[in-house]
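Take a look at the letters that make up each chain.
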Amino acid sequence: MAATTIHQAVGTLQSCRSNGNSGLCPDYGHVSLRSVSKGFKVDVGLLRGGSYCSKKRSTCVIQASASQATVFDAVSAASSANTSDSKKKTSEAALILIRHGESMWNEKNLFTGCVDVPLTKKGVEEAVEAGKRISNIPVDMIYTSSLIRAQMTAMLAMTQHRRKKVPTIIHEESEQAGAWSQIFSEETNKQCIPVVTAWQLNERMYGELQGLNKQETADRYGKEQVHEWRRSYDIPPPNGESLEMCAERAVAYFKEHIEPQLAGGKNIMIAAHGNSLRSIIMYLDKLTSLEVISLELSTGIPMLYIFKEGRFIRRGSPAAPSEAGVYAYTKTLAQYRQKLDNMVQ
């Protein structure tokens, strides 16, 4: 019965208008922002020259869950809406969280923390699969950590998106780097997605455990001690960060930089790490310190949230691009998907 209802609802979806200007069905025109002087913080956005401004950066990711919900009411009469309706702001925005795929130190069973190592072949495949799962969900901005494994995951995932926009990393490490990376074509700008890298979204710093073999460390210090370092909320490893300390920086960055973008109707993807994403999920789902330490995040499995009326609503993990009813589409998400279907017909 539920499956029949889902298919009937999906079958009636109407296309989203290409000139909608916010929320889950965004305007694909140039995004502008007032210019700012060097050294000032601004909310993320594209400047006239094509460079992206965000003085303080950070990234975070969230694990996917298998939770599902019913499909919202099918879209009706979308194609008959007038021009003024198309300019109304939606009250919804999508938030996608992805933990990076397997890294080369994951494969070797080493504590990685903030050491910057790339993905393995399996990690690359996980990132590509994550991209397939979110290929029908709009993405206006991407946040990643400053570590290459998170950045690789975001970039590889976006190669699978049906919109075919190009993720472009914003370089603000120097005035020259910003100037040299500007895009001077307005048309090209429309087909780009700004990517902000932020150290605040980095994995938890594992201190003196970084680079050590996990099994050898357990043999040396005892399984209970290592488990306490890895899974307790407020006990850090030697000269490292606890989950509580990681949460302080990751959640603060999310609230200051990312949440305002969602409130403005921007659809956001965050590619980050197990602990920085656990911290963010703790905030989104209002988990206690006891609940968050048991939260396990799968590599390369995206989690979808809908930000609506100041609240975060978990929608679970998209299972595949062809299964429209697997997770809870909102009306606007359904419109966006139908628009993509019409583009390739």
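The name an unreviewed UniProt entry assigns to the chain is phosphoglycerate mutase (2,3-diphosphoglycerate-dependent), from the organism Nicotiana tabacum. On record in UniProt, under Sequence similarities (unreviewed entry), the comment for the chain is "Belongs to the phosphoglycerate mutase family. BPG-dependent PGAM subfamily."

**Some words on the overall build of the chain**
In terms of helices and strands, the chain carries 13 helices and seven strands. Among the 345 residues that make up the chain, the fraction classed as buried is 52%. Sequence-distant contacts in the chain: of pairs separated by 6 or more residues, those separated by 24 or more amount to 79%. On the chain, roughly 15700 Å² of surface is accessible, and the fraction owed to carbon and sulfur atoms is 51%.

**Comments concerning the packing of helix α8 (residues 214-221) against helix α9 (residues 223-231)**
Two elements in contact, α8 and α9, have axes whose closest approach is 6 Å; the angle formed by their N-to-C orientations is 120°. By the angle class used here, α8 and α9 are oblique. On α9, the residues that touch Lys 214, Thr 217, Ala 218 and Tyr 221 of α8 are Lys 223, Gln 225, Val 226, Trp 229 and Arg 230. In the contact of α8 with α9, the residues fall into four nonpolar, two polar and three charged.

**Here's the deal with the pattern of salt bridges**
In total, this model carries seven salt bridges according to the counting rule given. Between Glu 129 and Arg 133 there is a salt bridge, with its nearest N and O atoms 3.8 Å apart. Of this pair, Glu 129 and Arg 133 both sit in helix α4 (residues 121-133), four residues apart, which is roughly one turn of the helix.

Criteria and thresholds
- Along each chain, residue indices are assigned from 1 in the same order as the chain's sequence is written.
- Only residues with pLDDT of 70 or above have their local features reported here, since the model is predicted, and side-chain atom pairs are shown and tallied only from 80 upward, although totals for entire chains, interfaces and linings are computed over all residues.
- Only heavy atoms go into the side-chain values, all of them from the structure, while hydrogens and water stay out.
- UniProt positions are given in the numbering used here, feature names are shortened, and annotations may be inferred rather than shown by experiment.
- In this text, helices come from DSSP runs of H or I with a minimum length of four residues, and strands from runs of E with a minimum of two, each type numbered from the N-terminal end.
- Accessible area is worked out with a 1.4 Å probe on protein chains only. A residue is then buried under 20% of its type maximum, exposed over 50%, and partly exposed in between.
- In what follows, a contact means two residues having at least one pair of non-hydrogen atoms within 4.5 Å.
- Accessible surface area values rest on a Shrake-Rupley calculation with a 1.4 Å probe, where residue burial reflects the displayed protein chains alone.
- Note on definitions: angles span 0 to 180 degrees between N-to-C directions of axes, and those axes are lines fitted to C-alpha atoms, for helices only across the stretch in contact.
- Roughly parallel means an angle under 35 degrees; roughly antiparallel means over 145; roughly perpendicular covers 65 to 115; every other angle is labelled oblique.
- Each residue receives one of three labels: charged for Asp, Glu, Lys and Arg, nonpolar for Ala, Val, Leu, Ile, Met, Phe, Trp, Tyr, Cys and Pro, and polar for the others, Gly being one of them.
- Here, a salt bridge means any Lys or Arg side-chain nitrogen found within 4 Å of an Asp or Glu carboxyl oxygen.

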